[in-house]
Amino acid sequence: MKKLLLLFSLLLSINGFSQNIYWFDVIIDVDGGNASNVAELVTDYYSSIKIPEDVSVSFSSIAMKGNNFKGTHILSMFSQSAKSLADFRGSLNGPKWNLYISNMGKYVNSARRSAGVGLLNFNLDKPEPIGQAWLFKVKNQPGFAAAFGKLMKSSKPPGLVSMGQIVHGSDNGENMYIYLTYPDLESAFKFGPDNKKEQEAFATFQKEISNSTYSQTFTRVLIKQF
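Below: a short report on this structure. (Residues numbered from 1 in each chain as written. Predicted model: local features only at pLDDT ≥ 70, side-chain atom pairs only at ≥ 80, totals over all residues. Heavy atoms only, no water.)

**Structural notes on the side chain of Asn121**
So, step 1. Among the secondary structure elements, Asn121 is positioned in strand 4 (residues 108–122).
So, step 2. Judged by relative accessible area, which is 0%, Asn121 ranks as buried.
So, step 3. Within polar-contact distance, the side chain of Asn121 engages the backbone oxygen of Gly118 at 3.3 Å.
So, step 4. A polar contact of 2.7 Å, which involves the side chain of Asn121, links it to the side chain of Ser162. (Helix = DSSP H or I, 4+ residues; strand = E, 2+ residues; numbered from the N terminus. Buried < 20%, exposed > 50% of the residue type's maximum accessible area, 1.4 Å probe, protein only. Polar contact = N/O pair within 3.5 Å; in protein donor to acceptor, adjacent residues only side chain to side chain.)

What follows is the structure, given as C-alpha cells:
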C-alpha cells in the first residue's frame, strides 16, 4: 500500500491532472468454483517477486459486465513510466513464472491482454476499491479528450478518474475509455450529476461527443493490491 500511495503522490499535479499513466491489463475467465484457487496463485506469485517502486499491480474480480464481456477477473499493472512498466512485464519469466503459468492453466478458461495510456487523470490520491470503465469508439480523440476535460471542471467525482486511449488489444473498434473509482457500492449506485450545474455540464459533454459510440461498461472489485 505504501508503494501505491507513493506512486499516486508522484503523479499528482497542481492543476488536478497528471502526466500520462501507462497500463497493461490481463483479463481472465475462470469458473466460479476455481476463483479462490486463482486468487491464491496470483497473490502468492506477485507477493513473492520484487515489484519496482514506480509500478503497481492490482488483482480484481469483475463484478458487473454486459453479456458480451468474457472475463471474470482482471490483473492490472500501471506506472507513470512506460519503460518501467515494459521492463517489469519483461522480467516476468524464469522457473517461478513458468510454474505460476502452468498452475494458472489448470483453472483459467481463456485470457486476453490489452494496454493503453491514461491521458487525463484526476484525484490520483483516491484509488478506491470499486472501479468502473466505460469504453467508446471515438473518431475525434482530441475532441473527446477536450470535452471530458471541460466536464471535469464542473464535476466532483468520489474517487480516482482517468480518461485515455486503448492502444493495444482493442476489441470491436473500442479506442477510448473513462475510468472512475468509488469507495463503496452505495457510491457506485448513486453516481451521477448531483445538481443543475453538473447536469448541464454532463448534457454538454454528451452533445460534444455525439459522434462517438458508447460500447460497453464493466465494474471491478479489488481483491488484492501489490
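**Let's talk about the pairing of strand 3 (residues 73–79)**
So, step 1. Counted residue by residue, strand 3 has seven buried out of seven residues, so it is predominantly covered.
So, step 2. Burial of strand 3 is two-sided: the residues His73, Leu75, Met77 and Ser79 facing one way and the residues Ile74, Ser76 and Phe78 facing the other way are all buried.
So, step 3. Bridge count between strand 1 (residues 21–30) and strand 3: seven bridges; the pairing is antiparallel. Of the residues in strand 3, the one forming a bridge with Asp25 is Ser76.
So, step 4. When strand 2 (residues 55–65) meets strand 3, the two strands line up antiparallel, connected through seven bridges. Its bridge partner being in strand 3, Val55 is matched across the sheet by Ser79. (Pairing = 2+ DSSP bridges.)

**Things to note about a nonpolar patch on the surface**
So, step 1. Taken together, Met64, Leu185 and Phe189 make up a surface patch of nonpolar side chains, about 310 Å² in accessible area.
So, step 2. Tracing the sequence through the fold places Phe189 in helix 6 (residues 185–190). (Patch = residues over 30% accessible without salt bridge, like charges linked within 9 Å, V, L, I, M, F, W, Y side chains within 5 Å. Areas by Shrake-Rupley, 256 points an atom, 1.4 Å probe, with all protein chains shown as cover. Salt bridge = Lys/Arg side-chain N within 4 Å of Asp/Glu carboxyl O.)

**Overview of the packing of helix 2 (residues 35–48) against helix 4 (residues 95–104)**
So, step 1. Where helix 2 meets helix 4, the closest approach of the two axes is 10 Å, and the angle between their N-to-C directions is 170 degrees. Here helix 2 lies roughly antiparallel to helix 4, going by the angle between them. Residue-level contacts link Val38, Leu41, Val42, Tyr45, Tyr46 and Ser48 of helix 2 to Lys96, Trp97, Tyr100, Asn103 and Met104 of helix 4.
So, step 2. Its residues assigned to classes, the contact of helix 2 with helix 4 shows eight nonpolar, two polar and one charged. (Axes fitted to C-alpha atoms, helices over the stretch in contact; angles between N-to-C directions. Parallel < 35°, antiparallel > 145°, perpendicular 65-115°, else oblique. Contact = heavy atoms within 4.5 Å. Nonpolar A, V, L, I, M, F, W, Y, C, P; charged D, E, K, R; others polar.)

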